[in-house]
Amino acid sequence: MSPLLDAKEPGTYTITDFGARGDGRMVCTSAIQKAVDAAATNGGVVVIPPGTFLAGAIFLKSNVELRLATNATLLAVTNDAAYPPVWTRIAGIEMEWPAALVNICGQHNVKITGEGVIDGNGGFWWRKFWGEDGKGGMLKDYIRRGLRWAVDYDCQRVRAVVFYDSRDVEVRDITISQSGFWSLSFTYCKQVRVDGVKIRANVDGHGPSTDGIDIDSSREVLVENCDIDANDDDICLKAGRDADGLRVNRPTEKVIIRNCVTRSGHGMFTIGSETSGGIRDVEVTGLKAIGTTTGVRFKSTGQRGGVVRNIRIHDVQMTDVAYPFDFDVDWYPAYNRPKLPLDFPADNVPPHWKILMEPVVPAERGIPEFKDIQFADITVNGARTAINANAFAAKPLREFNWSNIVITAKTAGKISNAADWQMCRMVIRTADQEPLKFSGTLNVPMPELH
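Residues numbered from 1 in each chain as written. Predicted model: local features only at pLDDT ≥ 70, side-chain atom pairs only at ≥ 80, totals over all residues. Heavy atoms only, no water.

**Here we look at the overall build of the chain**
Turning to step 1, where the next piece is worked out: A count of helical and extended segments in the chain gives seven helices and 35 strands.
Turning to step 2, where the next piece is worked out: Relative to the compact-globule value of 22 Å for 450 residues, the chain shows a C-alpha radius of gyration of 22 Å, a close match.
Turning to step 3, where the next piece is worked out: Along the first, second and third principal axes, the C-alpha atoms of the chain reach 75 × 55 × 40 Å.
Turning to step 4, where the next piece is worked out: Counting the 450 residues in the chain, one finds 58% classified as buried. (Helix = DSSP H or I, 4+ residues; strand = E, 2+ residues; numbered from the N terminus. Rg over C-alpha atoms; globule rule 2.2 N^0.38 Å. Buried < 20%, exposed > 50% of the residue type's maximum accessible area, 1.4 Å probe, protein only.)

Quick look at the structure:
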């Protein structure tokens, strides 16, 4: 039977009909791309049947659904040459970066569905970053040279699934495993739905910066019913970094995140650190964090800028989450304050380094603002520190409203540079019975302490 079905009707295109073989040895990139190209002619479904199909970068096209059957695995080939450079945004700046395993760039009406697995084979890139023993690699070398801020960009770890500048897209039911870098990311997208996705970034080790779902300068996004085990932020909203992010000036807005579970990871729900374009009109509800290091996490720096506002977080449960509420607007200076070492040759600076080092002018434009944030109906058990909150005096954390919150923790924590908070039935139960420590606050009440 010909792999090309009746061109008048959308059809099904199985990659084995185009020469792919699911033995885990044959590189099937060309065969899969041929199936995608055929399906794109009139719209159709590309099926990955049971088996392990090794591939490099695949580029999906408009009106195509990629469907992974049960027991099907799309496995990334560990060859950097299999991922050509594409123009994208990575960690807040626009630059060339290796294509992902699965790419949707400038397309519309694209779906990725099924109960199969997209496996990023991430150990290959993890070892590049921090060495065979987890203590060396590029990270150790760059720290030694005073270049911690550049290593994440220079290591160029391949992501699993990337949507860029696309609309009306959906990811449903699949599992994404072992991404080399971020697992599932959306940049400059709109009309996005993610439903029932499992992310397992900690298979056969712990990958550096293996975020779960990243939503960057995108709008009209729904994420629901997902189960995420990551080694960085589990679900994260972003909007550009520093001067480049302020230049682009595109917000993330109109986002709903609901009924998800997070396990390992550095943030059940994170905003930042890239906040330059602003983040607004967000609802987070029905989340459960189990052993996640941090629960609700806001992070930015004095060079990012942007306004984060109208965020609603409610009906959340956290168990054994060390830091349920962690807000740091001057986060990780070694990563966020790029500066050339004195002995570095100025004529050998890569273009993306120059973008990273471009100053924000005037400097006041770089101070981010977080305001109009609501927390309601949240229960936390087994925390280490209930609240850590720190901002710049020039733009304090403003109008944080808390209602029906119960936190059980070892210690209450501290709040610095905040104003006009409200607390209604806000209870913190601590082992040390010490109150929250305040500095630089105005109209911030003390919660009930037990």
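**A few points about the packing of aromatic side chains**
Turning to step 1, where the next piece is worked out: Scanning all chains against the criterion turns up 26 aromatic pairs.
Turning to step 2, where the next piece is worked out: Where Tyr83 meets Trp125, the ring centres are 5.8 Å apart and the plane angle is 80°; that geometry is what we call edge-to-face. Of this pair, Tyr83 sits in the loop between strand S7 (72-76) and strand S8 (85-90) while Trp125 sits in helix H2 (residues 123-130), and the two are 42 residues apart along the sequence.
Turning to step 3, where the next piece is worked out: When the centroid spacing of 4.9 Å and the interplanar angle of 5° are considered together, the rings of Phe400 and Trp421 count as stacked. Taken as a pair, Phe400 in strand S32 (residues 397-419) and Trp421 in the loop between S32 and strand S33 (422-430) lie far apart in primary sequence, 21 residues in all. There is no split in this pair, since Phe400 and Trp421 are both buried.
Turning to step 4, where the next piece is worked out: Site record: aromatic cluster; members linked through ring pairs are Phe298, Phe325, Phe327, Phe370, Phe375, Phe400, Trp402 and Trp421.
Turning to step 5, where the next piece is worked out: The ring of Tyr335 has Arg241 lying over it, and the distance from NZ or CZ to the ring centre is 5.0 Å. (Phe/Tyr/Trp six-rings, centres within 6.5 Å; stacked < 30°, edge-to-face > 60°. Lys NZ or Arg CZ within 6 Å of the ring centre and 35° of its normal.)

**Some words on the side chain of Asp234**
Turning to step 1, where the next piece is worked out: Following the sequence through the fold, Asp234 ends up in strand S22 (residues 233-238).
Turning to step 2, where the next piece is worked out: No salt bridge is formed by the buried Asp234; the nearest opposite charge belongs to Arg200, separated by 8.1 Å. (Lys, Arg positive; Asp, Glu negative; His and termini not counted. Salt bridge = Lys/Arg side-chain N within 4 Å of Asp/Glu carboxyl O.)

**Here we look at the environment of Asp326**
Turning to step 1, where the next piece is worked out: Turning to its location among the elements, Asp326 is positioned in strand S30 (residues 323-328).
Turning to step 2, where the next piece is worked out: Asp326 sits 94 residues away from Asp232 along the chain, and the two C-alpha atoms are 14 Å apart.
Turning to step 3, where the next piece is worked out: Discounting residues that sit within four places of it in the chain, Asp326 has contacts with Thr294, Val296, Arg297, Phe298 and Asn388. (Contact = heavy atoms within 4.5 Å.)

**Points about the nonpolar core**
What tends to happen in soluble globular proteins is that the nonpolar side chains get buried as a cluster.
Turning to step 1, where the next piece is worked out: Judged by nonpolar contacts, the single largest core of 110 residues is most densely connected at Ile112, Phe269, Phe298, Phe325, Phe375 and Trp402.
Turning to step 2, where the next piece is worked out: Those residues within four positions of Phe325 in sequence are excluded, and the remaining contacts are Val296, Met318, Phe375, Ile378, Val380, Ala386, Ile387, Asn388, Trp402 and Ile407.
Turning to step 3, where the next piece is worked out: Counting 22 residues, the second largest nonpolar core, distinct from the first, contains Trp149, Cys155, Tyr335 and Val349. (Core = buried A, V, L, I, M, F, W, Y, C linked by side-chain atoms within 4.5 Å.)

**Here's the deal with the pairing of strand S20 (residues 219-224)**
Turning to step 1, where the next piece is worked out: Looking at chain direction, strand S17 (residues 190-195) and S20 are connected through five bridges and run parallel. Residue pairing in the sheet places Arg193 in a bridge with Leu222 of S20.
Turning to step 2, where the next piece is worked out: Of the strand pairs in this sheet, S20 and strand S23 (residues 252-258) are connected by five bridges, and their pairing is parallel. Bridge pairing in S23 links Leu222 to Ile256. (Pairing = 2+ DSSP bridges.)

**What to know about helix H1 (residues 29-42)**
Every α-helical turn comprises 3.6 residues, leaving residues that sit three or four positions apart pointing alike.
Turning to step 1, where the next piece is worked out: Residues Ala31, Ile32, Gln33, Ala35, Val36, Ala38 and Ala39 constitute the buried set of H1.
Turning to step 2, where the next piece is worked out: Count one or two residues on from H1 and you reach Gly43, which has phi positive near 90°.

**Some remarks on the packing of helix H3 (residues 137-144) against helix H4 (residues 148-155)**
Turning to step 1, where the next piece is worked out: Two elements in contact, H3 and H4, have axes separated by 8 Å at closest approach and are oriented at 145°. Here the hand of the crossing between H3 and H4 comes out right-handed. Residue-level contacts link Met138, Leu139, Tyr142 and Ile143 of H3 to Arg148, Ala150, Val151, Asp154 and Cys155 of H4.
Turning to step 2, where the next piece is worked out: Among the residues forming the contact of H3 with H4, the class breakdown is seven nonpolar, no polar and two charged. (Axes fitted to C-alpha atoms, helices over the stretch in contact; angles between N-to-C directions. Left-handed = near helix turned anticlockwise from the far one by under 90°. Nonpolar A, V, L, I, M, F, W, Y, C, P; charged D, E, K, R; others polar.)

**Brief notes about the state of the cysteines**
Turning to step 1, where the next piece is worked out: Applying the stated criterion to the full structure yields zero disulfides.
Turning to step 2, where the next piece is worked out: In this model Cys105 remains outside any disulfide bridge; the closest cysteine sulfur is found in Cys189, 8.9 Å from its own.
Turning to step 3, where the next piece is worked out: Taking relative accessible area as the criterion, Cys105 reaches 29% and is therefore assigned partly exposed.
Turning to step 4, where the next piece is worked out: Counting only cysteine sulfurs, Cys260 is the nearest neighbor of Cys236, a cysteine outside any disulfide, at a range of 14 Å.
Turning to step 5, where the next piece is worked out: Here Cys236 falls in the buried class, since its relative accessible area comes to 0%. (Disulfide = S-S within 2.5 Å.)

**Digging into a nonpolar patch on the surface**
Turning to step 1, where the next piece is worked out: Together, Phe438, Met446 and Leu449 give the surface a local cluster of nonpolar side chains, amounting to about 230 Å² of exposed area.
Turning to step 2, where the next piece is worked out: Summarising the element assignment, Leu449 is placed in strand S35 (residues 448-449). (Patch = residues over 30% accessible without salt bridge, like charges linked within 9 Å, V, L, I, M, F, W, Y side chains within 5 Å. Areas by Shrake-Rupley, 256 points an atom, 1.4 Å probe, with all protein chains shown as cover.)

**Some details on the pattern of salt bridges**
One side chain can pair with another of opposite charge once the charged atoms of both are near each other.
Turning to step 1, where the next piece is worked out: A full pass over the atoms with the stated rule returns 32 salt bridges.
Turning to step 2, where the next piece is worked out: Two residues, Arg25 and Asp23, come together in a salt bridge whose shortest N-O distance is 3.8 Å.
Turning to step 3, where the next piece is worked out: Accessibility expressed as a relative area gives 25% for Asp23, which makes it partly exposed.
Turning to step 4, where the next piece is worked out: Asp141 is the salt-bridge partner of Arg144, the closest N and O atoms lying 2.6 Å from each other. Here Asp141 and Arg144 lie together in helix H3, a separation of three residues that amounts to about one turn.
Turning to step 5, where the next piece is worked out: The class of Asp141 is partly exposed, set by a relative accessible area of 26%.
Turning to step 6, where the next piece is worked out: Connected through shared salt-bridge partners, Arg193, Asp195, Glu224 and Arg258 make up one network.

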